[in-house]
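An overview of the molecular structure
Chain by chain, the residues:
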Amino acid sequence: MRNQKNTSPKKQHTLLRLSTYLLRYKWLLLFAVILTLVSNTFALLGPMLSGYAIDAIQPGVGNVLFEKVFYYATYMLLFYVASSIFSYLLSILMIHIGRKIAYSMRQDVFEKLIKLPIGYFDTHQTGDILSRISYDIDTVNTSLSTDLVQISTSIITIIGAFSMMLYLSPKLVLVFVITVPLSILLTKYITGKTRPLFRTRSAKLGELNGFVEEMISGQKTLRAYHQEETTILKFSQKNKDAVNAYYDAEYYGSMIGPCVNVINNLSLSFISVFGALLYLAGSMSIGNISSFILYSRKFSGPINEAANILSDFQSALAAAERIFKLLDEGEESIDEPDAVTFTNVTSHDTIIVQGDVKASHVNFSYEPEKPILKDISFHAKPGNMIAVVGTTGSGKTTLINLLMRFYDVDSGNITVDEHTITHVTRSSLRKSYSMVLQDTWLFHGTIFENIAYGKESVTLEEVIEVAKAAKIHSFIMRLPNGYDTILSDDGTNISKGQKQLITIARAMLLDTNMLILDEATSNVDTRTVQQIQSAMRKIMKDKTCFVIAHRLSTIQNADCILVIHDGTIVESGTHDELLERHGVYEKMYMAQFEG
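Okay, so let's go over this structure.

A few words on the overall build of the protein. When you go through the protein residue by residue, the secondary structure sums to 20 helices and 14 strands. Counting across all 595 residues of the protein, residues that qualify as buried make up 44%. Considering only intrachain contacts with a sequence separation of at least 6, the fraction spanning at least 24 residues in the protein is 76%. Within the structure as shown, the protein displays about 31,400 Å² of accessible surface, and the carbon and sulfur contribution to it stands at 59%.

This is the structure we're talking about:
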């Protein structure tokens with residue numbers, strides 16, 4: 001019962017939100033309304049002319065006024081042709097409006113995705129997000145460009161046909177006092193039952209898309225672990241759930257049309273019987289009865305059509321609800337009005353970053369009952385290299401997320417140059433860091449574009465310089481088109497190590513005073529690591545660097561090593577100092593080099 005009470009306001013809210021997109025093109029919509037009125041007016045004149053043509057036949061006179069009949073028939077033909085032309089123009093116009101609305105909606109969704117916090121993407125499947133921006137918006141677009149036209153046409157036709165029937169015979173109209181409320185109540189009952197089914201259908205299709213996206217991106221791992229059969233079984237279950245949800249929604253939704261059609265046919269039977277009685281009583285002519293029956297078909301036909309398309313319209317509403325749910329997700333909190341802006345160049349209204357980073361008693365958890373970081377404190381002086389080591393899941397990457405303000409601390413404080421980072425604009429804070437992640441990301445474009453990503457007006461000479469420093473230049477020059485070589489599909493045409501070297505070169509190119517390396521050399525062989533370490537150290541000079549590393553050999557020269565265990569800093573100091581303590585760090589180091 002609770003769900004049923006909440007359904008109607010939710011539906012009204014969704015329709016209201018959709019109308020805001022329609023009103024962006026109010027002049028085109030006004031033109032569409034005019035076309036609808038003109039088209040339906042011409043179509044509604046036909047049955048009246050048909051009645052006139054029938055009444056023009058005079059059985060008692062002994063002759064048939066063929067000229068009059070031909071006159072009415074000609075105008076009927078002209079009106080129906082004109083109605084079809086205007087109806088065609090209306091369809092073209094609504095397709096145009098639907099395309100514009102789909103474009104606006106996709107633009108809004110994509111811009112919203114850019115503004116959402118990182119946590120949203122950590123908790124939602126990529127495939128489900130893609131389903132909303134593609135399938136759901138296409139469903140809404142189809143409904144707006146076709147179903148909306150049919151519903152609008154139906155409303156005008158129903159009003160016009162009812163007015164004409166009222167003019168011809170108010171007595172016969174009383175038939176609809178019984179049948180129309182019956183149709184409305186039946187339609188309302190069925191749509192109330194089927195609306196949740198369409199929501200489930202959209203959700204299940206989103207889950208299916210999410211699963212498929214995960215499996216396609218993980219094909220190598222899937223096959224390496226011989227999980228083909230298991231994956232097929234999982235897909236079969238999700239596919240079955242999606243198909244069943246689709247079937248249930250369409251099956252029960254399709255009941256509306258036939259049920260309403262039965263009632264409409266019942267009304268036609270009543271009209272035929274009572275119309276014959278009125279004719280025998282001399283109250284109506286055969287022509288008027290014929291016109292009334294045609295108008296009753298025009299009256300009941302749109303009701304039947306509207307009932308048939310309600311299932312499609314409900315599908316569009318369910319899709320729109322998913323879209324608006326995404327649009328209503330909380331964005332990253334806005335910067336404070338007096339937030340400080342960092343920069344790496346001299347400016348009168350900004351602060352040049354020195355790279356003095358402090359964390360004081362920081363606590364953080366993704367879920368309230370599961371603390372990740374507990375009472376974290378450290379001080380990274382400008383130009384220092386801070387290494388963060390620990391077991392998997394100890395909280396190393398979470399610490400980096402807090403430094404970049406992908407998440408905000410639960411308690412405690414992080415400052416950069418004595419400025420609390422919550423009082424610094426997010427954009428300028430993140431621009432103050434160069435970052436190389438373990439999971440490399442390259443986009444479809446040239447190698448030059450991928451390295452130059454993040455810095456404007458970069459010259460080829462600058463890109464070549466950092467590529468040489470990252471030991472990737474010689475490889476690039478061996479490619480057919482050098483720096484103009486296109487990287488396709490996240491760089492699948494090059495190795496993981498080469499991809500990571502490109503991201504390292506990208507970070508080297510940025511003019512920042514702070515650098516984050518999250519397992520930056522995990523996909524690079526030991527010899528290459530040794531080759532680029534000196535170059536990286538040169539680039540890292542005078543920069544505050546945070547390095548997450550599993551290879552302890554790469555961080556022996558760090559100014560300070562933070563050893564995190566179970567979300568707590570259990571040891572800190574230089575490489576030599578930590579070895580002398582014979583604690584956790586020494587055990588980790590010896591475990592790697594005891595061979």
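All chains considered together, the criterion is met by 12 salt bridges. Here D138 ties to R106 by a salt bridge, and the two come within 2.7 Å at their closest N and O atoms. Within this pair, whereas D138 is found in helix α5 (residues 126–168), its partner R106 is found in helix α3 (residues 66–115), the two being separated by 32 residues in sequence. E367 is paired through a salt bridge with K370; the nearest N and O atoms lie 3.9 Å apart.

Once that is clear, we can look at the packing of helix α15 (residues 460–469) against helix α17 (residues 496–509). It is the contact of α15 with α17, at a shortest axis distance of 9 Å, that shows an interaxial angle of 125 degrees. Of the possible angle classes, the one that applies to α15 and α17 is oblique. Where α15 crosses over α17, the two elements pack in a sense that is right-handed. Contacts between α15 and α17 involve E462, V463, V466, A467 and A469 on the former and, on the latter, A505, M508 and L509. Here the contact of α15 with α17 is composed, by residue class, of seven nonpolar, no polar and one charged.

Structural remark: α-helix, 3.6 residues per turn; residues separated by three or four positions point the same way. The buried fraction of helix α12 (residues 396–403) amounts to seven of the eight residues, a majority that puts the element mostly inside the structure. The positive-phi residue at the C-terminal boundary of α12 is R405, with phi of around 60 degrees.

Quick look at the sheet that holds strand β14 (residues 568–573) now. Reading across from one edge, β8-β11-β12-β5-β13-β14 is the order of the six strands in this open sheet, with mixed pairing throughout. Either end of the sheet is taken by a strand with one partner, and the two such strands are β8 (433–436) and β14. Adjacent strand axes in the sheet meet at a mean angle of 15 degrees, parallel and antiparallel pairs treated alike. Alignment of β8 against strand β11 (residues 514–518), held across four bridges, turns out to be parallel. Directly across from M435, in β11, lies its bridge partner I516. Sitting on the sheet, α12 is in contact with β5 (385–390), β8, β11, β12 (544–548) and β13 (560–565), with an inclination near 150 degrees to β12. Packing against the sheet, α17 makes contact with β8 and β11, and its axis sits at approximately 175 degrees to β8.

What follows concerns the environment of T574. As for its placement among the helices and strands, T574 is situated in the loop between β14 and α19 (575–581). Along the primary structure T574 and I561 are separated by 13 residues, whereas in three dimensions their C-alpha atoms are 5.7 Å apart. Apart from the residues within four sequence positions on either side, T574 is in contact with A558, D559 and I561.

Rules of the game
- Residues numbered from 1 in each chain as written.
- Predicted model: local features only at pLDDT ≥ 70, side-chain atom pairs only at ≥ 80, totals over all residues.
- Heavy atoms only, no water.
- Helix = DSSP H or I, 4+ residues; strand = E, 2+ residues; numbered from the N terminus.
- Buried < 20%, exposed > 50% of the residue type's maximum accessible area, 1.4 Å probe, protein only.
- Contact = heavy atoms within 4.5 Å.
- Areas by Shrake-Rupley, 256 points an atom, 1.4 Å probe, with all protein chains shown as cover.
- Salt bridge = Lys/Arg side-chain N within 4 Å of Asp/Glu carboxyl O.
- Axes fitted to C-alpha atoms, helices over the stretch in contact; angles between N-to-C directions.
- Parallel < 35°, antiparallel > 145°, perpendicular 65-115°, else oblique.
- Left-handed = near helix turned anticlockwise from the far one by under 90°.
- Nonpolar A, V, L, I, M, F, W, Y, C, P; charged D, E, K, R; others polar.
- Pairing = 2+ DSSP bridges.

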